Amino acid sequence: MTQTTGVLDERMYQYLLDFGTREESLLKQLREETSRDPMARMQISPEQGQFMKMLVWLLNPKSILEIGTFTGYSSLCMALASQEDCKIVTCDMDETWTKTANRYWSEAGVDDKVELKLGDAMDSIRALLESTGGESFDLIFLDADKENYPNYYPRLKQLLKPGGLMLIDNVFWSGKVADPTDTSEPTAGVRELNRLLLEDAEMDISMIPLSDGLTLARRSI
Ligand code: SAH
Ligand code: CA
């Protein structure tokens, strides 16, 4: 099961799902299919999907970059909420998971909008920097290997347009970021990125306790 918004008791969480989210039937189907995968907990929660759709409705991005496709739930949310002329580039290294994603993009009729870059995300990011020269995305969603968060960050910032929004997922890392005895690599990675963001005066930030923690970081210049 996905990491859900944990500040609510079970009854209120159910209420949030019932009254605060409209999960399209294809998204429901994808959640259901992914739930049989042992790594299903990596999928964003329905309420986070709803929030990300709202950000896309509000911002009307023309170009979106996602790092960490998995079975396609978050990209499908953004694709469904975006306008016809929006392009989404999503990066992952796993062929099996992204096959599922591809199937759902097709079924939803958004496969023209979505381009998958299969391979190590850092290679894809480098290639994008080279081909576009940077400042090429309105919205970036970072949700891949946590130990590399600090390495991705400066490059993703370069790829973000001034005024663009970067979303960083799992910034709480199940609370481990605040546990000084936890020195594992993923925890250190998330912790370091949280510090980089806090200290970066060129980024406006808001860390919100949605699901496993989501930071909104806007490139101000
Ligand atoms: N956003 C997705 C969840 C992403 S899970 C959703 O909402 O469903 C994290 C993904 O990052 C996994 O699919 C994993 O294969 C991918 N990943 C991990 N390390 C990677 C790397 N170095 N390069 C590319 N993808 C990577
Ligand atoms: Ca995540």
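Up top you'll find the structure we're talking about.
Residues numbered from 1 in each chain as written. Chains lettered and ligands numbered in written order. Predicted model: local features only at pLDDT ≥ 70, side-chain atom pairs only at ≥ 80, totals over all residues. Heavy atoms only, no water.

A. Representation of the coordination of the calcium ion (ligand 2). Taken together, the protein ligands of the calcium ion (ligand 2) are Asp143 (OD), Asp143 (OD), Asp169 (OD) and Asn170 (OD1), with distances of 2.2 to 2.9 Å. Of note, the calcium ion (ligand 2) draws all its donor residues from one chain, in the sequence arrangement D-x25-D-N. Summarising the burial analysis for this pair, Asp169 and Asn170 share the class buried. (Donors = N, O, S within 2.8 Å, 3.2 Å for Na, K, Ca; no water. Buried < 20%, exposed > 50% of the residue type's maximum accessible area, 1.4 Å probe, protein only.)

B. Just the pairing of strand β6 (residues 203-208), in detail. Pairing between β6 and strand β7 (residues 214-219): six bridges, direction antiparallel. For Ile205, the partnering residue across the bridge sits in β7 and is Ala217. Counted along the chain from β6 to the antiparallel partner β7, the turn is five residues long, and its residue Ser211 has a positive phi close to 50 degrees. (Pairing = 2+ DSSP bridges. Helix = DSSP H or I, 4+ residues; strand = E, 2+ residues; numbered from the N terminus.)

C. How the structure looks around the packing of aromatic side chains. Summed over all chains, the structure comprises two aromatic pairs. Between Tyr15 and Phe19, the aromatic rings sit 4.5 Å apart at their centres with planes inclined by 20 degrees, giving stacked as the arrangement. With a gap of four residues between them, Tyr15 and Phe19 both fall in helix α1 (residues 10-20), about one helical turn apart. Overall, Tyr15 belongs to the partly exposed group, its relative accessible area being 45%. The ring of Tyr73 is capped by Arg31, whose NZ or CZ atom sits 4.4 Å from the centre of that ring. (Phe/Tyr/Trp six-rings, centres within 6.5 Å; stacked < 30°, edge-to-face > 60°. Lys NZ or Arg CZ within 6 Å of the ring centre and 35° of its normal.)

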